[in-house]
Amino acid sequence: QRVRSESMVSGLRGVLVVLAATLPLASSFLPSSAPLSASMLGRASSLRSLSQVPRGVAATLRHAAFARPTAGTGRSMGASRLMCTVSKEVGSGLALAGGRLKVKEIQQGDESELLGKEVVVKGWVRTVRNQKAFSFIEINDGSTPKGIQVVAQAEIASYGEVEKLVTGSAVAVRGTVVESPAKGQKLEISAIEVELVGDCSGAEYPLQKKRHTLEFLRSIAHLRPRTNTIASVARVRSALAYATHEFFQNKGFFYVQTPIVTASDCEGAGELFRVTTLPTEIAKIPKTKEGETDFSKDFFGKPAYLTCSGQLSAETYASAMGDVYTFGPTFRAENSQTTKHLAEFWMIEPELAFCDLEGDMANAEAFVKYVVKHVLDTCPDDLAFFNQFYDKELLKRLDD
């Protein structure tokens, strides 16, 4: 008997469809002919000195960061889109200092152990407010939707770095964890040292402290993981994937990696994307005597496709190894423009040997309960964000 993925995730259908639909690959929105540019590297480049990569690569990155506008666009593929560049040669400063504490660890940690502790936090500036005697900096490092507030007094030696900070800057802070008098947060950091790791053009940086539409975020695919929506989707998907493997491994299942490129059309599950190395020019496509495409001249010698299911491969392994599961990318080429049809998604397909329908159903129900509980336990802030802005009944439905 087989457990179909559709029945296994029916209880999570609404959540998973939203999560999958809002996270298409960033590469889908980058021009295939675009040259190597710092914009494609995102903000990760701000955390590594160009002096620490091979000279040839460093030279390419420096060139890309100050590239001229691409013909026909009037826009630079480099600095104007990157908006965050390495501000200095990073040596033994805070940017590469050990002992980093994630914002999530501070916010969810034991206050009695954290208060008065000196910590190093690294991330990106959400907001900065400069006063005469001090500055408020909100830093987010991607570990949680909420950032942490850093208070930098004007008398610290590195206050000149603070004055350079704008939204989007990459920053490293060493400071002491203290109680926060501000509403909505228990702890904050009193800065001892601040280092600007990657500066940013505040005038051109497209993400501001407001809600952006998903359509707009698709136009800045290299920056959208910094938004709460996309980052929360990524964290929840990561937790779901971890829980999926944990559930099946604890049940004694074996994880089988099935082919992504295949000649099989699994039970005619849907339209397939063809994989071919044949010429794109119609006149050069080899033909048979009957006038049809001669796939014997193709790479595999026969028609090949992106897989629409790993089920057939999993069945053969289940017939030899017992209980197995696949969990990987699948593709469907139906030309449907609805939120319920995806061209690419990850599918879970368990195959159980010596099992009847009752056993299948029990396994499916246990799986759904397990992954939902795991996400409720590990991603409470992300689910609260979804509940507030996308689905007011989400938490109630998952708790039930």
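Residues numbered from 1 in each chain as written. Predicted model: local features only at pLDDT ≥ 70, side-chain atom pairs only at ≥ 80, totals over all residues. Heavy atoms only, no water.

When you go through the chain residue by residue, the secondary structure sums to 14 helices and 12 strands. A fraction of 67% describes how many contacts in the chain between residues 6 or more apart in sequence connect residues 24 or more apart. Of the roughly 21,900 Å² of accessible surface on the chain, 54% is carried by carbon and sulfur atoms. (Helix = DSSP H or I, 4+ residues; strand = E, 2+ residues; numbered from the N terminus. Contact = heavy atoms within 4.5 Å. Areas by Shrake-Rupley, 256 points an atom, 1.4 Å probe, with all protein chains shown as cover.)

Bringing unusual backbone geometry into the picture now. Of note in this structure, Phe354 is not a glycine but carries a positive phi near 55°. Mapped onto the elements, Phe354 comes out in the loop between strand S12 (344-351) and helix H12 (357-378). Exposure remark for Phe354: the relative accessible area of 89% places this residue in the exposed category. (Buried < 20%, exposed > 50% of the residue type's maximum accessible area, 1.4 Å probe, protein only.)

Close approach of charged atoms lets side chains of opposite charge pair. Considering all chains together, one arrives at 10 salt bridges under this definition. Residue Lys164 is joined to Glu161 by a salt bridge in which the shortest nitrogen-to-oxygen separation is 3.3 Å. (Salt bridge = Lys/Arg side-chain N within 4 Å of Asp/Glu carboxyl O.)

Quick look at the sheet that holds strand S9 (residues 274-275) now. Sheet strands associate in pairs through backbone hydrogen bonding, adopting either a parallel or an antiparallel arrangement. Ordered by their spatial adjacency, 3 strands build an open sheet running S8-S10-S9, and the pairing between neighbours is antiparallel. Looking at strand neighbours, the two that pair on one side only are strand S8 (261-262) and S9, the edges of this open sheet. (Pairing = 2+ DSSP bridges.)

Take the confidence of the model for the chain next. Averaged over all residues, the pLDDT of the chain equals 81, while 76% of them reach at least 70. Summarising per-element confidence for the chain, the mean pLDDT is lowest in helix H3 (residues 38-41) (33) and highest in strand S7 (residues 254-255) (98). Here residues 1-83 is a poorly scored stretch, pLDDT under 50, and it has 146 contacts once near neighbours within four places are set aside; other chains count. (pLDDT = per-residue confidence, 0-100.)

All right, on to helix H11 (residues 311-321) then. Among the residues of H11, those classed as buried are Gln311, Ala314 and Ala318. Buried positions in H11, seen along its axis, are confined to an arc of 55° and lie on one side of it. Summarising the geometry of H11, the exposed residues directed more than 90 degrees from the buried face are Thr316, Ser319 and Ala320. Of the surrounding elements, those touching the buried residues of H11 are strand S11 (324-331) and S12. Looking one or two residues past H11, Gly322 carries a phi angle of roughly 90°, positive in sign. (Arc of directions from axis to C-beta.)

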